[in-house]
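Architecture at a glance
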Amino acid sequence: GAAALTPALSCGPLLDTSSFRDTQWRRGRRLLDPDGRPLRAGDIDTDTFYSAFPEGAKQDKIGSPVVVVRLDPGQLALPPDRTEWAPEGILAFSKICTHAGCAVSLYRTPRFEPTAPSPALVCHYSTFDPATGGDVVFGPAGRPLPQLPLLIDAGGELRAGGGYSGPVGPSWGGVREDET
C-alpha cells in the first residue's frame, strides 16, 4: 500500500496549494535593482537584461528575483488576459527556471536578421520567449516562466501590478517548500 501511495504524495499537497503561489510580490510594490534603487521605466533599454527585487522584501526568497526586459510593443503576443501586463513593452518574469530551479541569467538578443531567432531568456537548459509571456521555446522546462504584471506610477517607477501568472520555481515541490 505504501509503495502505491508514495508516488501520489510526490505530486504535492492534496488540498491547499496556495503556498506554491504565494510570493512577496503585491500590487503596488516597487521593483528595486540589486543595490536597492527603484527601477524607472525610462531607464529600461531594449536588448538589456535587468534583475529586480520587491521593495521591503527579502531578496533571498525563491519568489523574489525577477528579470526585466523591454521589447518593442509591436513584438508582443501575450496571452489575452495579460495584454496590459507589459506597459511600454516592459516585461518581468521570475528569475527561477521552471525546470530545475536554476537562475535565468542570459538574455539572447539576436543581431543578424533575417535568420536570427527572437529575443529569449535563457538558463543553462531551457529557453523562454518573453514576447509570448515566457513560453518555453527550447529545453526540458515543462511550463512557462511565471510573468509578473507591471505598472508604471506617476513618477515613472516600475511597480508590480499583482502576483505572478503561475507558481515560481521547478515543477517538483520539495524545492519550493517554505521558500516563497
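Before reading further, recall that the structure is shown in the block above.
Residues numbered from 1 in each chain as written. Predicted model: local features only at pLDDT ≥ 70, side-chain atom pairs only at ≥ 80, totals over all residues. Heavy atoms only, no water.

Read across the sheet, 5 strands follow the order E1-E2-E3-E4-E9 without closing on themselves; strand pairing throughout is antiparallel. The open sheet has two free edges, formed respectively by strand E1 (31–32) and strand E9 (147–148), since each of these has just one partner strand. Here E1 runs beside strand E2 (residues 50–54); their pairing, made up of 2 bridges, is antiparallel. If you follow Leu32 over to E2, its bridge partner there is Phe53. (Pairing = 2+ DSSP bridges. Helix = DSSP H or I, 4+ residues; strand = E, 2+ residues; numbered from the N terminus.)

Here the focus is the environment of Arg159. Here Arg159 shows up in strand E11 (residues 158–160). Judged by relative accessible area, which is 23%, Arg159 ranks as partly exposed. Separated by 105 residues in the primary sequence, Arg159 and Pro54 have C-alpha atoms spaced 8.7 Å apart. The residues touching Arg159, leaving out its near neighbours within four places in the chain, are Gly28, Arg29, Arg30, Leu31, Pro149, Leu150, Leu151 and Asp153. Only 2.6 Å separates the side chain of Arg159 from the backbone oxygen of Gly28, close enough to count as a polar contact. (Buried < 20%, exposed > 50% of the residue type's maximum accessible area, 1.4 Å probe, protein only. Contact = heavy atoms within 4.5 Å. Polar contact = N/O pair within 3.5 Å; in protein donor to acceptor, adjacent residues only side chain to side chain.)

Note on sheets: strands pair through backbone hydrogen bonds, and any given pair is parallel or antiparallel. Spatially, 4 strands are ordered E5-E6-E7-E8 in an open sheet, and the strand pairing comes out antiparallel. In this open sheet, the two edge strands, each paired with only one partner strand, are strand E5 (106–108) and strand E8 (135–138). Taken pair by pair, the neighbouring strands of this sheet meet at an average axis angle of 35°, ignoring direction. With 3 bridges joining them, E5 and strand E6 (residues 120–122) adopt antiparallel strand pairing. Directly across from Tyr107, in E6, lies its bridge partner Leu121. (Axes fitted to C-alpha atoms, helices over the stretch in contact; angles between N-to-C directions.)

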